[in-house]
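Each chain, letter by letter, is given below.
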Amino acid sequence: MSFLTGLLQLLPPETAHNFTIQLTKYGSSLLGSAFQDQSLHTNVRGLNFKNPLGIAAGFDKNAELIDPLLKIGFGFVECGTVTPMPQFGNTQPRVFRLKKDNAIINRLGFNNKGEKRFVKNLISAKKSGIVGSNIGPNKDSKNFIDDYLKIYRKISISCDYVTINVSSPNTEALRDLQRKEYLEVLLRELSQIRDEETIRKLIMLKIDPDNTNDHYSMIINLVNKYNIDGIIATNTSLSRPEILRDLNKKREGGLSGAPIKDLSDKVLKFLYRETNQELILIGVGGVCSALDAYNKIKLGASLVQLYTSLTYCGPQLINEILIDLVKLIKDDGFTNISEAVGADNR
Ligand SMILES: Cc1cc2nc3c(=O)[nH]c(=O)nc-3n(C[C@H](O)[C@H](O)[C@H](O)COP(=O)(O)O)c2cc1C
């Protein structure tokens with residue numbers, strides 16, 4: 001951990017995050033150049049990633065850090081969750097560090113500046129890498145499904161893929177959208193809009209780690225039926241694993257970081273086996289090292305994301321992971337990261 005990251009840990013988590021946003025925006029040029037290696041380049045459904053490591057949704061909610069995040073080494077950036085209208089989110093405090101567990105519990109509730117500002121930022125970014133937009137409904141919306149459709153129409157043209165977030169635990173009733181009767185309508189209507197586009201954008205569905213395999217099978221069926229391109233596994237968890245030691249474990253909200261790694265990996269493993277390797281899988285949850293990222297890739301993820309570990313370790317973590325990933329690929333006798341996808345899960 002750097003001196004600055006250590007200092008940030010002394011601030012309340014949300015203040016530290018806002019400060020980090022400013023630092024990333026104006027200070028990314030002070031950081032050394034990002035590590036690059038041909039063995040990390042990967043092409044996923046026609047999109048070229050300079051490496052498979054992305055920043056997960058929630059860090060750059062308003063698409064204002066796309067260029068600096070790509071510059072410091074991420075292969076892709078997923079912005080959002082953005083909602084049609086700006087909203088404040090839940091009352092503060094709403095982010096809690098579990099320092100002893102390398103974890104966070106948050107109940108932010110989609111705080112963001114709304115779709116108009118988001119699109120303006122998306123358009124003005126130089127985008128020297130892949131950019132995804134993660135979308136959700138406003139908390140007080142009368143019709144959640146309409147919100148997704150409305151925002152998809154406005155956003156898809158300006159990014160490489162769109163993630164449908166039906167898995168945040170902090171908007172009341174949002175996770176109900178993962179029930180068959182709602183998910184079917186949502187995916188059917190979205191796919192209709194997508195099929196009418198001149199440039200077809202990829203759609204990813206982001207799911208939670210707190211469900212049963214039967215439930216995930218139902219999701220896979222719908223995803224296949226409506227030609228959704230892939231699944232992001234997973235969002236934060238409402239579970240509280242026994243191993244948690246920090247007193248903040250009692251806070252309400254979604255748990256992220258090291259303690260959800262096994263849970264997310266289990267979902268990823270199941271998805272890869274059940275989908276015959278036809279879907280794009282993005283593995284997220286508890287990635288703190290190159291080995292964590294590599295394990296997700298070997299379980300079947302073509303791409304990997306992280307968030308919580310960045311807040312504990314600082315931006316140098318990105319280069320560290322990329323450098324070590326290259327070694328892990330070589331040690332296994334692969335020449336490119338894409339050869340490792342699913343290697344441990346066939
Ligand atoms: C403070 C915070 C805010 C988040 N906000 C969002 C969000 O707006 N949309 C979303 O899909 N996921 C959000 N997430 C979940 C992350 O994208 C990710 O799925 C989860 O944290 C697991 O990854 P990690 O263990 O590397 O943090 C958030 C996570 C954190 C810690």
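Up top is the structure.
Keep in mind that this is a model prediction, so the values were computed, not measured.

Enquirer: Which residues make up the sheet that holds strand E6 (residues 103-106), and what values do they have?
Expert: Hydrogen bonds between backbone groups are what pair the strands of a sheet, and the pairing can be parallel or antiparallel. Read across the sheet, 3 strands follow the order E5-E6-E11 without closing on themselves; strand pairing throughout is antiparallel. Each having just a single partner strand, strand E5 (95-98) and strand E11 (254-257) make up the two edges of the open sheet. Here the average twist between neighbouring strands, direction ignored, is 25 degrees.

Enquirer: Just give me the short version of the pattern of salt bridges, but keep the residues and values in it.
Expert: Counting across every chain of the model gives 21 salt bridges. Across the salt bridge formed by Asp147 and Lys150, the nearest N and O atoms sit 3.7 Å from each other. Highlighted residues: Asp147 and Lys150, both in helix H5 (residues 144-155), separated by 3 residues, approximately one helical turn. We classify Lys150 as partly exposed; its relative accessible area is 41%.

Enquirer: Can you tell me about the site of the ligand, naming the residues and giving the values?
Expert: Taken together, 23 residues form the shell around the ligand, and within it Ala57, Thr81, Gly257, Gly286 and Thr308 come nearest. With respect to the ligand, the side chain of Lys206 contributes an N or O atom lying 2.8 Å from an oxygen atom. The separation between an oxygen atom of the ligand and a polar main-chain atom of Gly286 is 2.8 Å. When isolated, the ligand has an accessible area of 610 Å², and the protein chains bury 97% of it. Listed by contribution, the elements that provide at least two residues to the shell around the ligand are strand E4 (76-82) and E11.

Enquirer: Please give an account of the pairing of E11 that cites residues and values.
Expert: Residues Gly254 and Ser256 point to one face of E11 and Leu255 and Gly257 to the other, with burial holding for every one of them. Taken together, the 4 bridges between E6 and E11 define a ladder with antiparallel strand orientation. Pairing of Asn106 across the sheet is with Gly254, part of E11.

Enquirer: With reference to specific residues and values, describe the sheet that holds strand E3 (residues 53-55).
Expert: With respect to topology, 8 strands assemble into a closed barrel ordered E3-E4-E7-E8-E9-E10-E12-E13, the strand pairing being parallel. Shown here is a sheet whose adjacent strand axes are inclined to one another by a mean of 25 degrees, direction ignored. Pairing analysis gives 3 bridges linking E3 to strand E13 (residues 303-306), with the strands arranged parallel. Residue pairing across strands places Gly54 opposite Gln305, the latter belonging to E13.

Enquirer: Just give me the short version of the environment of Glu320, but keep the residues and values in it.
Expert: You can see Glu320 is positioned in helix H11 (residues 316-331). Under the relative-accessibility criterion, Glu320 is labelled partly exposed at 44%. Expressed as a C-alpha distance, the spacing of Glu320 and Ala290, which sit 30 residues apart in the sequence, is 7.6 Å.

Enquirer: Can you break down the side chain of Gln305 residue by residue, with the values?
Expert: By the secondary structure assignment, Gln305 is in strand E13. Given the relative accessible area of 0%, Gln305 is considered buried. Of note is the side chain of Gln305, whose polar atom sits 3.0 Å from the side chain of Glu78. If we ignore the near neighbours within four places in the chain, the residues touching Gln305 are Gly54, Ile55, Ala56, Phe76, Glu78, Tyr161, Ile232, Ile282, Gly283, Val284, Gly285 and Val287.

Enquirer: Before we move on, can you summarise unusual backbone geometry with the specific residues and values?
Expert: Here the bond from Gly80 into Thr81 is cis, since omega is 15 degrees, no more than 30 degrees from zero. Checked against the element boundaries, Thr81 lands in strand E4. Note the cis peptide between Ala233 and Thr234, where omega equals 15 degrees. When you line up the elements, Thr234 lands in the loop between strand E10 (230-233) and E11. Positive phi, normally seen in glycine, also occurs at Arg45, with a value near 45 degrees. Turning to its location among the elements, Arg45 is positioned in the loop between strand E1 (42-44) and strand E2 (47-49). Arg45 sits in the partly exposed class, given a relative accessible area of 41%. Although it is not a glycine, Phe110 adopts a positive phi angle of roughly 55 degrees. Relative to the helices and strands, Phe110 resides in the loop between E6 and helix H4 (115-124). For Phe110, a relative accessible area of 4% corresponds to the buried category.

Enquirer: Which residues make up the packing of helix H6 (residues 180-195) against helix H7 (residues 213-225), and what values do they have?
Expert: Any two packed helices are characterised by how steeply their axes cross, that is the angle between the axes, and by the distance between the axes. Between H6 and H7, the shortest axis-to-axis distance is 10 Å and the interhelical angle comes to 20 degrees. It follows from the interaxial angle that H6 and H7 lie roughly parallel. As for how H6 packs across H7, the hand of that crossing is right-handed. On H7, the residues touching Lys180, Leu183, Glu184 and Leu187 of H6 are Met218, Ile219, Leu222, Val223 and Lys225.

Enquirer: Any details on H4? Residues and values, ideally.
Expert: All of the buried residues along H4 are Glu115, Phe118, Val119, Asn121 and Leu122. Projected down its long axis, H4 carries its buried residues within an arc of 160 degrees, all on one side. What points out from H4, more than 90 degrees from its buried face, is the exposed set Lys116, Lys120, Ile123 and Ser124. Buried positions along H4 lie against helix H3 (66-71), E4, strand E7 (130-135) and H5.

Definitions and limits used
- Residues numbered from 1 in each chain as written.
- Predicted model: local features only at pLDDT ≥ 70, side-chain atom pairs only at ≥ 80, totals over all residues.
- Heavy atoms only, no water.
- Pairing = 2+ DSSP bridges.
- Helix = DSSP H or I, 4+ residues; strand = E, 2+ residues; numbered from the N terminus.
- Axes fitted to C-alpha atoms, helices over the stretch in contact; angles between N-to-C directions.
- Salt bridge = Lys/Arg side-chain N within 4 Å of Asp/Glu carboxyl O.
- Buried < 20%, exposed > 50% of the residue type's maximum accessible area, 1.4 Å probe, protein only.
- Near = heavy atom within 4 Å.
- Polar contact = N/O pair within 3.5 Å; in protein donor to acceptor, adjacent residues only side chain to side chain.
- Areas by Shrake-Rupley, 256 points an atom, 1.4 Å probe, with all protein chains shown as cover.
- Contact = heavy atoms within 4.5 Å.
- Parallel < 35°, antiparallel > 145°, perpendicular 65-115°, else oblique.
- Left-handed = near helix turned anticlockwise from the far one by under 90°.
- Arc of directions from axis to C-beta.

This is a description of form; function is not addressed.
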